[in-house]
Amino acid sequence: MSKEERPAGLTGIEKLIGLVLLALGIVAIYYTYMALPELGPTWLIFVVLGALLLIVGLVLLLARAE
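Read on for an overview of the structure. None of these values were measured; they are calculated from a predicted model. (Residues numbered from 1 in each chain as written. Predicted model: local features only at pLDDT ≥ 70, side-chain atom pairs only at ≥ 80, totals over all residues. Heavy atoms only, no water.)

1. Brief notes about the overall build of the chain
Scanning the chain for helices and strands turns up 3 helices and 0 strands. Tracing the chain from N to C terminus, the helices and strands come up as α-α-α. The C-alpha atoms of the chain give a radius of gyration of 16 Å, which is well past the 11 Å a tight globule of 66 residues would have. Considering only C-alpha atoms, the chain reaches an extent of 60 × 20 × 10 Å along its principal axes. Within the chain, buried positions represent 14% of all 66 residues. Within the chain, contacts between residues at least 6 apart in sequence are counted, and of these 73% link residues at least 24 apart. (Helix = DSSP H or I, 4+ residues; strand = E, 2+ residues; numbered from the N terminus. Rg over C-alpha atoms; globule rule 2.2 N^0.38 Å. Buried < 20%, exposed > 50% of the residue type's maximum accessible area, 1.4 Å probe, protein only. Contact = heavy atoms within 4.5 Å.)

2. What to know about a nonpolar patch on the surface
A surface patch of nonpolar side chains, about 940 Å² in accessible area, is lined by V27, Y30, Y31, Y33, M34, L36, W43, L44 and V48. Listing elements by their share of the nonpolar patch, those giving two or more residues are α1 (8-34) and α3 (43-62). With 5 residues, the single largest contributor to the nonpolar patch is α1. Its location among the elements puts V27 in helix α1. (Patch = residues over 30% accessible without salt bridge, like charges linked within 9 Å, V, L, I, M, F, W, Y side chains within 5 Å. Areas by Shrake-Rupley, 256 points an atom, 1.4 Å probe, with all protein chains shown as cover. Salt bridge = Lys/Arg side-chain N within 4 Å of Asp/Glu carboxyl O.)

3. A short note on the side chain of T32
Here T32 lies in helix α1. Since its relative accessible area comes to 6%, T32 is described here as buried. Here the side chain of T32 touches A28 through a polar contact of 2.7 Å, landing on its backbone oxygen. Ignoring any residue separated from it by four or fewer positions in sequence, one finds T32 in contact with L39, W43, F46 and V47. (Polar contact = N/O pair within 3.5 Å; in protein donor to acceptor, adjacent residues only side chain to side chain.)

4. What to know about the environment of M34
Relative to the helices and strands, M34 is located in helix α1. Given a relative accessible area of 47%, M34 falls into the partly exposed group. Separated by 13 residues in the primary sequence, M34 and L21 have C-alpha atoms spaced 20 Å apart.

Keep in mind these values describe shape, not function.
Encoded structure:
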């Protein structure tokens with residue numbers, strides 16, 4: 001039996017969404033760092049969420065299309 005291939009557009013969109021999530025994660029961490037005095041003790045939540053976006057973006061970018 002042969003494997004069905006994913007459409008090329010789907011793979012391209014996956015990579016594009018990964019790039020967008022990567023950029024959003026970087027921006028979220030940057031703005032959290034810039035607003036540390038205003039955020040107080042809740043800054044860790046925003047850094048964790050930014051890191052999560054960054055990791056998901058990297059996974060989507062590095063995922064191998066089969």
